[in-house]
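# Examining the three-dimensional arrangement
These are the residues of each chain, in order.
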Amino acid sequence: MTEYELVVGIEIHAQLLTKSKLFCACPNRFGDRPNANTCPVCLAHPGVLPVVNRAAIEKLVKAGLALNCKVNEISRFARKNYFYPDLPKGYQISQYEMPVCTDGRLDVTDSDGKQRTIRIRRIHIEEDAGKLLHEGVRSGSLVDLNRAGTPLMEIVTEPDFRSVDEVYDFLTQLRRILRYLKVCDGNMEEGSMRCEPNISIRPRGTEALGVKVELKNINSFKAARRGIEYEVIRQTLMLDRGEKLRQETRGWDENKEESFLMRVKEDAHDYRYFPDPDLPPLKLDSAWIEEIRKTTEELPRPRKERIIKEYGLNEADADVLCSEFAIIDYFETAARKAGDGKLTANWVMGEVLRAVKAGGTIESFPVRPDRLAELVKLIRTGRISSTIAKKVFELMLTSPNSPEAIVEAEGLGIVSDEKAIAEAVALIISENPEQVRQFLEGKDKVMGFLVGQGMKKMKGKADPAILNRLMKEAVEKSRA
Amino acid sequence: MFDIQKIAKLARLNLKPETESELSTQVKNILGYVEALQAVDTSTVEGYGLSDASPHFRPDEPVERGDPELRVRISARTQGDLFFVPKVIGEGDA
């Protein structure tokens, strides 16, 4: 049986996070009343002209630079013609021969840790279409054009992927980069990032590309993985049976976990692209590109390397913190104020993320980084124990007060009063004669239990050093 | 050359067979004009080149559009705030 190699290239559509649409000032916002965000331009009334949104171009260039692309000083808008009710003009303004960005790359890691470079052929800008609603309407379809004309970027890679893990890593990194740059929110489930893989297989060791299948309806990272795996099996079985593959577009059915035929190449659309006469060529002067380059946010990889060095974190911790720009922003703000990176990291990865996971986002989390920093400082200076700190943290979730104020109000500060601690120690010793005897017979471990009981008695507030010392002294004394 | 039926299909036109040859001739003539234009020597004419393009951008400032009713009601058929069109199920964008 022939051994096959997977060959995949992907196209990604990402919605750009601008405030207004690409060619008109309608709000670029979702969840509004249908057609509330429309105007003569995006409704394609006669006589209107498109005017390019500067921020959309800026975001696209930012993404292009982050993906190591060449940013072309001259690019051109083109009309892609097709008829569909979600496209009022009868054409989509896109780019064809001259996209804004070309020749980029992103390194991916396979499951065995091997690094490979994925070439990015192009990134271009285009407008999105509206939405068709079919549900609850028997005789027709309903059209909401709020999304029509909102800015999208399309990223096209070369067919450089050789494994599903590489695709997965690429999508994960890409999503992270776009989120770090605040260019796209990267939400695949909601469709703000959509991915279409072109999948083919070829006998291992050969160079010619096989017959490719374009897969649509992928709305999660998991679906991308499952969809490609399914196609590899389907195509392999067909070739092994001596059948011929057709170039076709297939859809992914998430529930059935299988792909289905949408159309074969003969039905492929003929888009009759031509330069849009309504828009002059898009000229980006090098000074502007340079300005965008300078103001581009720090990217995930260099940022991770920096925080490892700066805060003395290990790789695994840095991975968790860098998984989201909001988390790493939160961490760095807190760590700088607290003056202790490692301790702050433990708190962010532990209590903070646990509480965020229970509901909400880190952006709206009630304990802002400066308050967390104050809490970390209280632990660092020995004002409260880490057990007490957890209690204070719980209270901070519902109180706007500073941790210092909470400690004061609740009487949670560390007790270093030797008399009070000695009283607790005496009680523990009289309550646990068996454990005291065991310790005196040489079972050193029992001391931990006795100290623990003492701490419990002091409601976690005893100064651990004093408690330890007094407990040892008292036990030794009982030997006599 | 062009296939008049294919062009008609892309333009969503239902072309009657009896008009096929007449339309083909007309389209051929239009294309002929363009070819004639292309034959003109323009080497000495300063053209509309790419390099002299000047950028014209809009700032990213959204404008609220108000009640959609005003814009939707000009459509032949509506349902609430939505445009109503004949049933279409299938694919739009590639």
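Heads up: the structure comes first, above all this text.
Scope of this entry: the structure provided in the associated data block. Note that the structure is a prediction, hence the values are computed from the model and not measured.

### Some thoughts on the pattern of salt bridges
Counted by the stated rule, this structure contains 51 salt bridges over all chains. For Glu64(B), the salt bridge is made with Arg29(A), and the minimal N-O distance between the two is 3.0 Å. In this pair, Glu64(B) is assigned in the loop between strand S1 (57-58) and helix H3 (69-72) and Arg29(A) in the loop between strand S1 (4-15) and strand S2 (52-53), connecting two distinct chains. Looking at Arg29(A), the relative accessible area reads 35%, which means it is partly exposed.

### What about the sheet that holds strand S5 (residues 78-81) of chain A?
Residue and element names in this part refer to chain A. Pairing within the open sheet is antiparallel, and its 3 strands lie in the order S6-S5-S16. Unpaired on one side and paired on the other, strand S6 (91-94) and strand S16 (274-275) mark the two borders of the sheet. In the sheet, S5 pairs with S6 via 4 bridges, with the strands oriented antiparallel. Bridge pairing in S6 places Arg 79 opposite Ile 93.

### Quick look at the packing of aromatic side chains
Residue and element names in this part refer to chain A. Counted by the stated rule, this structure contains 12 aromatic pairs over all chains. Between Phe 23 and Phe 77 the ring centres are 5.6 Å apart and the planes differ by 75 degrees, which places this aromatic pair in the edge-to-face class. Residue Phe 23 is located in the loop between S1 and S2, and its partner Phe 77 is located in the loop between strand S4 (74-75) and S5; the two are separated by 54 residues in the primary sequence. Residue class for Phe 23 comes out buried when judged on its relative accessible area of 5%. Here Phe 77 falls in the buried class, since its relative accessible area comes to 2%. A ring pair is formed by Tyr 180 and Phe 325, whose centres lie 6.3 Å apart and whose planes are at 65 degrees; its orientation type is edge-to-face.

### Things to note about the packing of helix H6 (residues 315-322) of chain A against helix H8 (residues 341-357) of chain A
All names here are of chain A. As a packed pair, H6 and H8 sit with axes 11 Å apart at the nearest point and diverge in direction by 55 degrees. In this view, H6 runs oblique relative to H8, as classed from their interaxial angle. In the crossing of H6 with H8, the sense of the turn from one axis to the other is left-handed. Each of Asp 317, Val 320 and Leu 321 in H6 lies in contact with H8, whose residues at this interface are Lys 342, Ala 345, Val 348, Met 349 and Leu 353.

The rules behind the values
- Residues numbered from 1 in each chain as written.
- Chains lettered and ligands numbered in written order.
- Predicted model: local features only at pLDDT ≥ 70, side-chain atom pairs only at ≥ 80, totals over all residues.
- Heavy atoms only, no water.
- Salt bridge = Lys/Arg side-chain N within 4 Å of Asp/Glu carboxyl O.
- Helix = DSSP H or I, 4+ residues; strand = E, 2+ residues; numbered from the N terminus.
- Buried < 20%, exposed > 50% of the residue type's maximum accessible area, 1.4 Å probe, protein only.
- Pairing = 2+ DSSP bridges.
- Phe/Tyr/Trp six-rings, centres within 6.5 Å; stacked < 30°, edge-to-face > 60°.
- Axes fitted to C-alpha atoms, helices over the stretch in contact; angles between N-to-C directions.
- Parallel < 35°, antiparallel > 145°, perpendicular 65-115°, else oblique.
- Left-handed = near helix turned anticlockwise from the far one by under 90°.
- Contact = heavy atoms within 4.5 Å.

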